[in-house]
Structure formats: structure tokens, C-alpha cells
Amino acid sequence: MMLHQDGSTHRWLPGRDEEQDMIVSLDDASGAIYSGFLVAEEGTMSSFQGLGEVFGRHGLPCALYTDRASHYFHTPQAGGKVDRDKPSQLGRALAQLGIEHIAAYSPEARGRSERAFRTLQDRLPKELALAGVSTIEGANRFLAETFIPDYNARFAIAPEEPGSAFVAVPAEQWRDVLCVQETRTVGNDNTVRFHGIVLQIPPSSLRPHYVKAKVRVHHYPDATYAIFHGPRPIARYRGDGALLEGDTMKRAA
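Worth saying up front: this structure is predicted, and the values here are computed from it rather than measured. (Residues numbered from 1 in each chain as written. Predicted model: local features only at pLDDT ≥ 70, side-chain atom pairs only at ≥ 80, totals over all residues. Heavy atoms only, no water.)

Engineer: Please set out the overall build of the protein chain residue by residue, giving values where relevant.
Structural biologist: In terms of helices and strands, the protein chain carries five helices and eleven strands. Scored against the burial criterion, the 253 residues of the protein chain give a buried share of 46%. Sequence-distant contacts, at least 24 apart, represent 58% of the contacts inside the protein chain between residues at least 6 apart. Carbon together with sulfur atoms contributes 51% to the accessible area of the protein chain, which is approximately 12900 Å² in total. Side-chain charges in the protein chain split into 28 positive and 31 negative, and the spacing between the mean points of these groups amounts to 6 Å. (Helix = DSSP H or I, 4+ residues; strand = E, 2+ residues; numbered from the N terminus. Buried < 20%, exposed > 50% of the residue type's maximum accessible area, 1.4 Å probe, protein only. Contact = heavy atoms within 4.5 Å. Areas by Shrake-Rupley, 256 points an atom, 1.4 Å probe, with all protein chains shown as cover. Lys, Arg positive; Asp, Glu negative; His and termini not counted. Charge placed at Lys NZ, Arg CZ, Asp CG, Glu CD.)

Okay, here's the thing in C-alpha cells:
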């Protein structure tokens, strides 16, 4: 089972001068859209968000087919081959989950998603205008609740092979993988600094402190953070760096 993911920049919202990016993840066999939403700008986190929505509802695919944008692949020369030895954050996550990452090398190869975006660009702005929707948040609710179910009913086709090819797995197996991961050294004040955010490691029954220890910081699509020491999560945080007390202490204990 292969999943396509792609983004399209367009003036999706009626009455707005600026363009937005729409991120779509769809089934190669049926053309059904499994995840679709608007963001200000396409990137690593929007890709993780789309995959998380698909994994949570359907399971893991065998392969993901994407273009060669920088958040998908490192490409040393424009238009050239991707460098499989330098995976992106998304490439690293797919490898951890055992999902093959296939790179598109021509516009024709992305025909499934290109045809879908032509239909979406024609229909979605009109339907958002009729519904009186003019914000990204409102558009994403409309997409999830109304537009995508109707789109799939109208345009998805029955696959040649019946049944689902997704592999159902517990969310715990992929949630801590679909995120940006970077290694840090804990400071003398038992904190970790990550892109301008200071994350204070709380007291734990495991050890008195983590000063000088190598830890791994996870940054999730919902803007939260976690710190891992080896395989163990030792603290979880809100987007502003404040400790998530209840969940954190249970996991760190």
C-alpha cells in the first residue's frame, strides 16, 4: 500500500490576499484523501501532522511517495538524485517505522496528487465561500467534517484488491517517532536549550540530575516537547517550555 503526500500553494481562503499551503495525503490505489489541511507554510511539521492523522485512523503504509522538497530529502544538486546517506527528519522517521520513502523524479510521476489538486483548487475555495469560511482554523474543520468525506464519496475509486493494506499499530509505536529529534547535552543547571526554549528537567527517582548527560529532544507537530534519555522519556513540555506535570511525572517515574 502506497501513500502519496504533497503540498499545493494557492489562494485557498476566500477574501484573503495571501496564499496558503494545502497538505494532502492520499491513497495511491483509490485516490481517497486520508488527510488534508491548510497551513501557512509547508514543511517538516506539516508532513508529520499529515502522516500522524493517517497513521492514527488507518495504520502504517508500506511506502510514502513524495517530491524532493528539502523537508523530504537532501538533494546535493538541484534536480539531481537524493542523498540517501543524509536523511531528513522525515526520512529518519520513516526508516525507523520501516516505511519505504520513494522520491518523485518527474511531474508526471506525481500525476495522482496533481490531478487531485486541480480538482481541489477548483472546488474548495468556492465551497469555503459558500460556507462563509475565511480562516485556516475554520477551513480545516470544514475540510475534516464536510469537504473531504464528500470529495471521497464523489471521486475515490474502488481499489483493485479489496481490504486494507495498512498495518494497524498502537499509537505509542509512532507518536514519539513522528517528530523532530536532536541530541543535546544537559547543562550544569539541569536544563536543555533547544532553539531558544529552555527545558528544565524535573526531579526524578531515577537519578538526582542529568548534568552533562546526552539526551534527545523531541519536538512534536502539536508544538510540544519531550526529553528522552536513551529509550526513556524523562520529561514532557508545553510549547512555551513549561512542564506538563501530570503526564511527565508518570512517564519519568
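Engineer: Give me the nonpolar core: which residues, what numbers.
Structural biologist: Grouped together as the largest cluster of nonpolar side chains are 24 residues, with contacts concentrated most on L51, F55 and L178. Of all the secondary-structure elements, those providing two or more residues to this core are α1 (44-57) and α2 (89-97). Ignoring anything within four residues of it in the chain, the contact list for L178 reads F48, L51, G52, F55, A93, L97 and P221. Residues L26, A116, F142 and I148 belong to the second largest nonpolar core, which totals 20 residues. (Core = buried A, V, L, I, M, F, W, Y, C linked by side-chain atoms within 4.5 Å.)

Engineer: Please provide a residue-by-residue account of the confidence of the model for the protein chain, values included.
Structural biologist: When the pLDDT values of the protein chain are averaged, the result is 91; 94% of them are 70 or greater. Segment residues 247-253: pLDDT under 50, and 16 contacts once partners within four positions in sequence are set aside and those in other chains are kept. (pLDDT = per-residue confidence, 0-100.)

Engineer: Residues and numbers for the sheet that holds strand β3 (residues 33-39), please.
Structural biologist: Across the sheet, five strands lie side by side as β3-β2-β1-β4-β5; this open sheet has mixed pairing. Only two strands of the sheet have a single neighbouring strand rather than two, namely β3 and β5 (100-103). Geometrically, the sheet is characterised by an average inter-axis angle of 20 degrees between neighbouring strands, direction not taken into account. Contacting β1 (2-10), β2 (20-27), β3 and β4 (63-66), α1 runs over the sheet at an angle of about 150 degrees to β3. Each of β2 and β3 touches helix α4 (residues 136-155); the most contacted strand, β3, lies at about 155 degrees to it. (Pairing = 2+ DSSP bridges. Axes fitted to C-alpha atoms, helices over the stretch in contact; angles between N-to-C directions.)

Engineer: Outline the packing of helix α3 (residues 111-131) against α4, supporting the account with residue identities and numerical values.
Structural biologist: Taken N-terminus to C-terminus, the directions of α3 and α4 make an angle of 130 degrees; their axes are 11 Å apart at the nearest point. Judged by the angle between their axes, α3 and α4 are oblique. Seen along the crossing, α3 lies across α4 with a hand that is right-handed. In this structure, α3 contributes A116, T119, L120, R123, L124, E127, L128 and A131 to the contact, and α4 contributes A139, F142, L143, F147, D150, Y151, R154 and F155. The class makeup of the residues in the contact of α3 with α4 is eleven nonpolar, one polar and four charged. (Parallel < 35°, antiparallel > 145°, perpendicular 65-115°, else oblique. Left-handed = near helix turned anticlockwise from the far one by under 90°. Nonpolar A, V, L, I, M, F, W, Y, C, P; charged D, E, K, R; others polar.)

Engineer: Report on the sheet that holds strand β10 (residues 225-229), specifying residues and quantitative values.
Structural biologist: Pairing is antiparallel across the open sheet formed by four strands, whose spatial order is β6-β9-β10-β11. Edge positions in the sheet fall to β6 (180-185) and β11 (232-237), since each of these pairs with one other strand and no more. Pairwise comparison of adjacent strand axes, ignoring direction, gives a mean angle of 25 degrees for this sheet.

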